[in-house]
2 protein chains.
Amino acid sequence: MRKLQVALDILDLNEALEIAKLVYSGGADILEAGTPLIKSEGVNAIKELRNHFPITEILADLKIMDTGKLESEMAYEAGADMVVVEGWASDNTIKEVKETAQNYDKKWMVATTGTEMGTDRIKSIINLQPDYVLRHVGIDDQNYKNITDILTKDELELYEGNNVGLAMAGGITLENIYRLHEPLNYISNVVYVVGNDITNSKNPEERTRLIKKKIQEL
Amino acid sequence: MRKLQVALDILDLNEALEIAKLVYSGGADILEAGTPLIKSEGVNAIKELRNHFPITEILADLKIMDTGKLESEMAYEAGADMVVVEGWASDNTIKEVKETAQNYDKKWMVATTGTEMGTDRIKSIINLQPDYVLRHVGIDDQNYKNITDILTKDELELYEGNNVGLAMAGGITLENIYRLHEPLNYISNVVYVVGNDITNSKNPEERTRLIKKKIQEL
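Residues numbered from 1 in each chain as written. Chains lettered and ligands numbered in written order. Predicted model: local features only at pLDDT ≥ 70, side-chain atom pairs only at ≥ 80, totals over all residues. Heavy atoms only, no water.

**Let's talk about the pattern of salt bridges**
Note the cut-off: We define a salt bridge as a contact between a side-chain nitrogen of Lys or Arg and a carboxyl oxygen of Asp or Glu at a distance within 4 Å. Runs of E in the DSSP output that reach at least two residues are strands. Runs of H or I that reach at least four are helices, and both are numbered from the N terminus. Exposed residues in this analysis have more than 50% of their type's maximum accessible area, buried residues have under 20%, and partly exposed residues fall in between, with area computed by a 1.4 Å probe over protein chains only.
A complete count under the given rule lists 38 salt bridges over all chains for this structure. A salt bridge links A:Lys3 to A:Glu57, with the nearest nitrogen and oxygen atoms 2.8 Å apart. With A:Lys3 in strand β1 (residues 2-8) and A:Glu57 in strand β3 (residues 57-64), this residue pair connects regions lying 54 residues apart in the sequence. There is no split in this pair, since A:Lys3 and A:Glu57 are both buried. The residue B:Lys39 makes a salt bridge to A:Glu71 at a minimum N-O spacing of 2.6 Å. Of this pair, B:Lys39 sits in helix α2 (residues 35-41) while A:Glu71 sits in helix α4 (residues 68-77), placing the two residues on different chains. Each member of the pair, B:Lys39 as well as A:Glu71, is classed as buried. Because the salt bridges share partners, they merge into one network encompassing A:Lys3, A:Glu57 and A:Lys107.

**Comments concerning the packing of aromatic side chains**
The test is simple: Only centres within 6.5 Å qualify two rings of Phe, Tyr or Trp (six-membered ring in Trp) as a pair; their planes then separate them into stacked at under 30 degrees, edge-to-face at over 60, and tilted for everything else.
Per the counting criterion, the structure on display carries 5 aromatic pairs over all chains. Both rings, one in A:Trp88 and one in B:Trp88, keep their centres 3.9 Å apart while their planes meet at 0°; by these two values the pair is stacked. Residue A:Trp88 is located in the loop between β4 (82-86) and α5 (91-104), and its partner B:Trp88 is located in the loop between β4 (82-86) and α5 (91-104); the two belong to separate chains. You can call B:Trp88 buried: its relative accessible area is 8%.

**Describing the packing of helix α1 (residues 13-26) of chain B against helix α10 (residues 204-217) of chain B**
All names here are of chain B. As a reminder of what qualifies: To get an axis, a line is fitted to the C-alpha atoms, and for a helix only the part in contact is used. The angle between two axes follows their N-to-C directions and goes from 0 to 180 degrees. Whether a crossing is left-handed or right-handed is set by the direction in which the near helix is turned from the far one by less than a right angle, anticlockwise for left-handed and clockwise for right-handed. Between two residues, a contact is recorded if the distance between any of their heavy atoms is within 4.5 Å. Side-chain classes follow a simple rule in which Ala, Val, Leu, Ile, Met, Phe, Trp, Tyr, Cys and Pro form the nonpolar group, Asp, Glu, Lys and Arg form the charged group, and the remainder, Gly included, forms the polar group.
Relative to each other, α1 and α10 sit at 35°, their axes nearing to 7 Å. As for how α1 packs across α10, the hand of that crossing is right-handed. Where α1 abuts α10, its residues Leu22, Val23, Ser25 and Gly26 lie against Pro204, Glu205, Thr208, Arg209 and Lys212. Looking at the contact of α1 with α10, its residues break down into 3 nonpolar, 3 polar and 3 charged.

**Topic: the interface of chain A and chain B**
Which entries qualify depends on this criterion: A 1.4 Å probe defines the accessible area here, and the buried area is the portion of it lost by two parts on being joined, summed over both. Polar contact criterion, stated in full: a pair of N or O atoms within 3.5 Å, where within protein one must be able to donate a hydrogen and the other to accept it, and residues adjacent in sequence count only if both atoms are side-chain atoms.
The interface of chain A with chain B comprises 37 residues on the first partner and 37 residues on the second. Carbon and sulfur atoms supply 59% of the area that chain A and chain B bury against each other, a total of about 2900 Å² over both sides. In terms of surface lost to chain B, no three residues of chain A exceed A:Lys39, A:Met65 and A:Asp140, which account for 26% of the buried area on that side. Summed over the shared surface of chain A and chain B, the number is 2 salt bridges. Taken together, chain A and chain B are joined by 26 residue pairs in polar contact (both at pLDDT 80 or more). Secondary structure elements with two or more residues in the side of chain A that touches chain B: α2 (35-41), β3, α4 and α5 of chain A.

**Some remarks on the sheet that holds strand β5 (residues 107-111) of chain A**
Residue and element names in this part refer to chain A. Just so we agree on the cut-off: Paired strands, in this sense, are two strands between which DSSP finds at least two bridges.
Read once around its circumference, the closed barrel built from 8 strands follows the order β1-β2-β3-β4-β5-β6-β7-β8, with strand pairing classed as parallel. Pairs of neighbouring strands in the sheet enclose a mean axial angle of 25°, with direction left out of account. Here strand β6 (residues 132-136) pairs with strand β7 (residues 165-169) via 5 bridges, running parallel. When the bridges of β7 are listed, tyrosine 132 appears paired with glycine 165. Sheet strands touched by helix α1 (residues 13-26): β1 and β2 (30-33). Its angle to β1, the strand with the most contacts, is close to 160°. Lying over the sheet, helix α3 (residues 44-52) contacts β1, β2 and β3, oriented at roughly 170° with respect to β3.

**Here's the deal with the relation of the copies chain A and chain B**
Each of the two copies of the chain can be brought onto the other by a rotation about an axis and a shift along it. Selection rule: Copies overlap after least-squares fitting; the atoms used are the C-alpha atoms of residues with pLDDT of at least 70 in both.
Overlaying chain A with chain B gives an RMSD of 0.0 Å, the required rotation being 180° about an axis along which the chain moves by 0.0 Å. The operation mapping one copy onto its partner corresponds to a two-fold rotation axis. Considering only C-alpha atoms, the residue of chain A closest to the rotation axis is A:Gly42, which sits at 1.8 Å. Most of the interface of chain A is mirrored in chain B: 100% of its interface residues are interface residues there too.

**Comments concerning the pairing of strand β7 (residues 165-169) of chain B**
All names here are of chain B. By the criterion of burial, β7 is predominantly enclosed, with 5 of the 5 residues buried. Along β7, one buried face is formed by Gly165, Ala167 and Ala169 and the opposite face, lined by Leu166 and Met168, is buried too. Strand direction decides the pairing type here: β7 and strand β8 (residues 190-194), joined by 4 bridges, are parallel. Following the sheet pairing, alanine 167 is matched in β8 by valine 191.

Take a look at the structure:
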């Protein structure tokens, strides 16, 4: 399964909802309530997305670093289908998110944001069996590196033969996404996360449609 | 300088404001808009704290992992005097927070939440000259370790002779705070962060007063 997730890293809720409508029409599979949106508007951002899109998959990028149960519960109660915990959080926090996801029968994702993460840590995260590992080059690092450059064959082999999906985020565009076809050789469950390239484009709906088409061709 | 910071890790804003009034009366030096409060209520939580406490120091625990400029600007604009970026964030993110703090003439703190952080990383964080390093045992880890056990003499010596203050959080109570007097031998600028022990007590105002008194005696 190949999905397109659109990250709404926008501070204003109304603006986020307007763009959400466009990318939904363009074929986005997952709508992401981005971290800045949640910190700006609170859990209400998740609730409003849920109200406007009763069926579409909604991910809450809470970037959880602590209080794993409290924060993931808050997001699931607000209508999120999936939450994000940070790979640099402690194992206790990650396990709390896992347990809460299981209690709610919802999904959870572990992100590799921040300080470069070695293969050992990624391996131990995969062993916790999240629905997805999010390989993430943060926005602040995208001038220096791109997600299309960091996925080595050695790392991709870690995902082979288990049920952990791979999500990828960090400067993905319509033009460079072709460079991310290799994971499909190893992993059946792949999510491509696109933010700025869609949300800052002149026509987010059309841009979403073009990227979705490209994903299906990969 | 020894300060008492009270962490308002409460989901409901009105409840947080009620407790804030009590701990303010009890002598809290810094009011902390906790991460769960901000994720629940959004940046409005910071604005409302500022409205109710025009002069008291307010810290926004945003636990920034990415988009350092965007998130710290949002907090400073809302009235925060200090923001928290995570030590596991990338150096680019940490530097963005530093620059934004300098532009606003505000303070910033780097937290050591999550996966055990080695002395090398802490040293490189101190070299970035934040106002404070927050040595943090997250709430999810407090059943397994306590802030009173993790500060080694070797680590404390890192702070000696520079202008970086030390904040400490993670299960500090009226009963165990005496065990945290040693940092005062090395560091002139110390913040004690207390959460549950005050906010869950029957009398938060009195509890704050007792802990504040203890800090002054350390």
